[in-house]
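# Structural characterization, general
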Amino acid sequence: MANEVMIECENLVKIYKTEDIEVLALQGLEVTIEKGELMAVIGNSGSGKSTFLNMLGGLDRPSAGRLIVDGKDLFKLNEKELVEYKRNTVGFVWQNNARNLLPYLTAWQNVQMPMLFGTVENKKERALELLDMVGLSHRKNNRLSQLSGGEQQRIAIAIALANDPKLLLADEPTGSVDAKTGAYILDMFRDINRNTGITIVIVTHDRLLAKKVSRVVSIRDGKISSERVMKQSYLDRMQDITAFTEEKEVQDEYVVLDRAGRVQIPREMLEQLHVPGNRVRMEMKDGRIVIEAPPKTEKQPEA
């Protein structure tokens with residue numbers, strides 16, 4: 001039986017317009033994410049990864065294409081349905097803790113806050129369970145000023161889980177903490193994913209995430225250009241590994257074909273080939289497609 005799909009994006013486009021300028025943030029992005037996946041979306045600043053996350057969270061509307069989350073067509077939701085979607089289907093963890101936490105409330109009160117707008121019973125008991133899940137039950141009565149940045153981010157994760165969402169979205173969740181705390185937070189996401197089965201999508205620029213998640217997709221210029229999938233041998237050993245390993249040991253990398261059969265070659269690869277213009281040689285050799293820089297004598301068109 002095929003795995004169920006949580007997220008399906010087809011030819012997703014987002015255009016931001018002002019009086020003087022038009023910015024194409026997403027240009028035909030396509031990706032499918034299965035229920036229960038733990039995955040990361042990486043890309044440089046301006047690549048479109050945060051725009052994609054905002055679309056999934058119902059915080060921004062697509063300009064064109066198709067976006068289905070948990071069977072819901074986000075293009076067709078009215079405002080009331082969109083509020084319901086944001087309340088019950090998705091949980092959001094922001095990089096900036098000021099967006100996650102209220103400073104005048106204790107830890108358990110912060111976690112309980114989203115439940116006041118839902119149907120969760122025994123709200124305080126549930127809040128304390130979630131604090132225990134993120135290892136902070138001993139800090140339940142502390143306020144924001146009494147917590148470290150890493151502790152605040154762990155409470156933010158508990159808040160995002162308060163209404164038992166089906167999809168957890170995290171925007172640069174380790175961006176404001178040190179490397180050791182960041183690794184602990186990523187291990188926590190993995191434990192939550194394994195123990196609850198919730199689908200988790202993490203947007204980041206940190207490539208060390210590659211050893212912590214089963215799939216990494218790279219966005220370049222508003223499109224998915226490549227995917228890295230964790231090798232089964234590494235996945236089987238994951239529970240016993242505490243030290244960082246080289247990324248190449250962890251995952252196999254694949255380029256992504258769009259529906260027209262096109263691939264996007266990473267700029268760094270083209271630079272290694274010393275391609276002077278916008279033309280490369282491509283041929284089939286022994287069952288492989290080989291891409292090479294053109295001979296130096298061949299005249300290149302101006303870019």
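### Observations concerning the packing of aromatic side chains
- Following the criterion strictly, the structure yields 1 aromatic pair and no others.
- Ring geometry for phenylalanine 92 against tryptophan 94: centres 4.1 Å apart, planes inclined by 5°, an arrangement best described as stacked. This pair shows no difference in class: phenylalanine 92 is buried, exactly as tryptophan 94 is.
- Looking at lysine 124, its charged tip hangs above the ring of tryptophan 108, at a distance of 4.5 Å from the centre.

### A short note on the nonpolar core
- Membership of the largest hydrophobic core comes to 37 residues, with the highest contact counts inside it found for Val111, Ile155, Ile157, Leu168, Phe189 and Ile200.
- No other element matches the 6 residues that helix 5 (residues 149-160) contributes to this core.
- Among the nonpolar cores identified, the runner-up in size contains 30 residues, and Leu12, Leu53, Leu56 and Val69 belong to it.

### Quick word on the layout of surface pockets
- In this structure, the largest pocket occupies an estimated 630 Å³ of space.
- Across the lining of the largest pocket, the residue classes break down as 14 nonpolar, 5 polar and 3 charged.

### Focus: helix 5
- With 12 residues, helix 5 should reach 16 Å at 1.5 Å per residue; the first-to-last C-alpha distance of 17 Å fits that figure.
- Across the 12 residues that make up helix 5, a large majority, 11, are buried.
- Gly150, Glu151, Gln152, Gln153, Arg154, Ile155, Ala156, Ile157, Ala158, Ile159 and Ala160 are the residues of helix 5 that are buried.
- Structurally, helix 5 contributes buried residues whose contacts are with strand 6 (90-93), helix 3 (107-112), helix 4 (123-133), strand 7 (167-171) and helix 6 (179-196).

### Re the sheet that holds strand 1 (residues 5-17)
- The strand order 2-1-4-5 describes an open sheet built from 4 strands, whose pairing is antiparallel. At either margin of the open sheet sits one strand with a lone partner, and together these are strand 2 (22-34) and strand 5 (72-73).
- Relative to strand 4 (residues 64-69), strand 1 is paired through 5 bridges, and the arrangement is antiparallel. Within strand 4, the residue paired with isoleucine 7 across the bridge is valine 69.

### Topic: the packing of helix 5 against helix 6
- Close contact between helix 5 and helix 6 brings their axes to 10 Å; oriented N to C, the two are set at 15°. With respect to their mutual orientation, helix 5 and helix 6 come out roughly parallel. Both helix 5 and helix 6 take part in a crossing whose hand is right-handed. In this structure, helix 5 uses Gly150, Gln153, Arg154 and Ile157 to contact helix 6, whose residues at the interface are Thr181, Tyr184, Ile185, Met188, Phe189 and Ile192.

### Observations regarding the pattern of salt bridges
- All told, the structure shown has 16 salt bridges when counted by the stated rule.
- Here arginine 190 makes a salt bridge to aspartate 187, at a shortest N to O gap of 3.0 Å. Of this pair, arginine 190 and aspartate 187 both sit in helix 6, separated by 3 residues, roughly a single helical turn.
- Among the charged side chains, a salt-bridge network with shared partners connects Glu4, Lys35, Asp70, Lys72 and Lys166.

Calculation notes
- Residues numbered from 1 in each chain as written.
- Predicted model: local features only at pLDDT ≥ 70, side-chain atom pairs only at ≥ 80, totals over all residues.
- Heavy atoms only, no water.
- Phe/Tyr/Trp six-rings, centres within 6.5 Å; stacked < 30°, edge-to-face > 60°.
- Buried < 20%, exposed > 50% of the residue type's maximum accessible area, 1.4 Å probe, protein only.
- Lys NZ or Arg CZ within 6 Å of the ring centre and 35° of its normal.
- Core = buried A, V, L, I, M, F, W, Y, C linked by side-chain atoms within 4.5 Å.
- Helix = DSSP H or I, 4+ residues; strand = E, 2+ residues; numbered from the N terminus.
- 1 Å grid on protein atoms, 1.4 Å probe; cavity = no way out; pocket = protein on both sides within 12 Å on 5 of 7 lines; lining within 4 Å.
- Points joined across faces, edges and corners; volume = space filled by probe spheres on them.
- Nonpolar A, V, L, I, M, F, W, Y, C, P; charged D, E, K, R; others polar.
- Expected span 1.5 Å × (residues − 1).
- Contact = heavy atoms within 4.5 Å.
- Pairing = 2+ DSSP bridges.
- Axes fitted to C-alpha atoms, helices over the stretch in contact; angles between N-to-C directions.
- Parallel < 35°, antiparallel > 145°, perpendicular 65-115°, else oblique.
- Left-handed = near helix turned anticlockwise from the far one by under 90°.
- Salt bridge = Lys/Arg side-chain N within 4 Å of Asp/Glu carboxyl O.

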